[in-house]
Amino acid sequence: MPTNLKRMSTKVALTLVVLAIIGMWVWIYLFAPRDNPDRLQSRSFAAAAEAVCEPLQARINALPTGRDVDTVGERTEQIAAGTELTETMVAALREAYRTHVTDQGDSMILNAWFADWDAYLEDRWRHVAKLDALGENATGSDLRFILRERAEGGIYTRRIDGLANVNDMSSCHTPLDL
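Residues numbered from 1 in each chain as written. Predicted model: local features only at pLDDT ≥ 70, side-chain atom pairs only at ≥ 80, totals over all residues. Heavy atoms only, no water.

Engineer: Please explain the side chain of Asp-123 as it appears in this structure.
Structural biologist: Locating Asp-123 in the fold gives a position in helix H4 (residues 104-134). The class for Asp-123 is buried, based on a relative accessible area of 2%. Side-chain polar atoms of Asp-123 contact the side chain of Tyr-156, separated by 2.3 Å. Other than its neighbours up to four places away in sequence, Asp-123 contacts Phe-145, Ile-146, Leu-147, Arg-148 and Tyr-156. (Helix = DSSP H or I, 4+ residues; strand = E, 2+ residues; numbered from the N terminus. Buried < 20%, exposed > 50% of the residue type's maximum accessible area, 1.4 Å probe, protein only. Polar contact = N/O pair within 3.5 Å; in protein donor to acceptor, adjacent residues only side chain to side chain. Contact = heavy atoms within 4.5 Å.)

Set out below in structure tokens:
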């Protein structure tokens, strides 16, 4: 192949690549869908959920933290109290779901969200049971709260908090008492 033909082929190929990249960015900025797949259609659920979560999160935040207690027994009681309040919050969120959600897409999203909440509550109760069994023999590493990973990877609390963020339910995050 003559040198001029190679240069011309290279120029044409590079021009096509540049045009494809420009076309991709034009499509992204002007035509690509911008909806978040976790955005709920039911705005009434989001409002009801925030009304449920805000007072319960305030009660959880009022509990003493690990730095505020002197014994493992006190820490165990604090985590159990926070877990009970979190269970109350999730039960009330499920009731709001039954009252406010009729969209099938929202149901699928929220059922996965509630499954994540259930896993979170199980992990909290497992932590309480571990601390209760060890009592004052618990060491520093025993006091650490450990989250299970989801089977498909990642940590489920990110999904819980992400859905709360996307739907303007800022009080419906996982509690910060641990």
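Engineer: Would you mind showing me how to read the state of the cysteines here?
Structural biologist: Any covalent bond linking the sulfur atoms of two cysteines counts as a disulfide. The final tally for this structure, using the stated rule, is one disulfide. Residue pairing for Cys-53: its cysteine sulfur links by disulfide to Cys-172, the two sulfurs lying 2.2 Å apart. Measuring handedness by torsion sign, the sulfur bridge of Cys-53 and Cys-172 sits at about 100 degrees and is right-handed. With Cys-53 in helix H2 (residues 43-61) and Cys-172 in the segment after helix H6 (156-166), the pair connects residues that are 119 residues apart, well separated along the chain. Exposure remark for Cys-53: the relative accessible area of 0% places this residue in the buried category. (Disulfide = S-S within 2.5 Å.)

Engineer: When you look at the packing of aromatic side chains in this model, what are you seeing that I'm missing?
Structural biologist: Two measures describe an aromatic ring pair: the distance that separates the ring centres and the angle between the ring planes. One pass over the full model with this rule turns up five aromatic pairs. Their ring planes at 75 degrees and their centres at 5.8 Å tell us that Tyr-97 and Phe-114 sit as a pair that is edge-to-face. With Tyr-97 in helix H3 (residues 72-100) and Phe-114 in helix H4, this pair connects stretches of sequence that are 17 residues apart. Of the two residues, Tyr-97 and Phe-114, neither departs from the other in class, the shared state being buried. Taking 6.0 Å as the distance between ring centres and 80 degrees as the angle between the ring planes, the aromatic pair formed by Trp-113 and Trp-117 counts as edge-to-face. Taken together, the residues span about one helical turn, with Trp-113 and Trp-117 both in helix H4 at a distance of four residues. Through successive ring pairs, a cluster of aromatic residues spans Tyr-97, Trp-113, Phe-114, Trp-117, Tyr-120 and Phe-145. (Phe/Tyr/Trp six-rings, centres within 6.5 Å; stacked < 30°, edge-to-face > 60°.)

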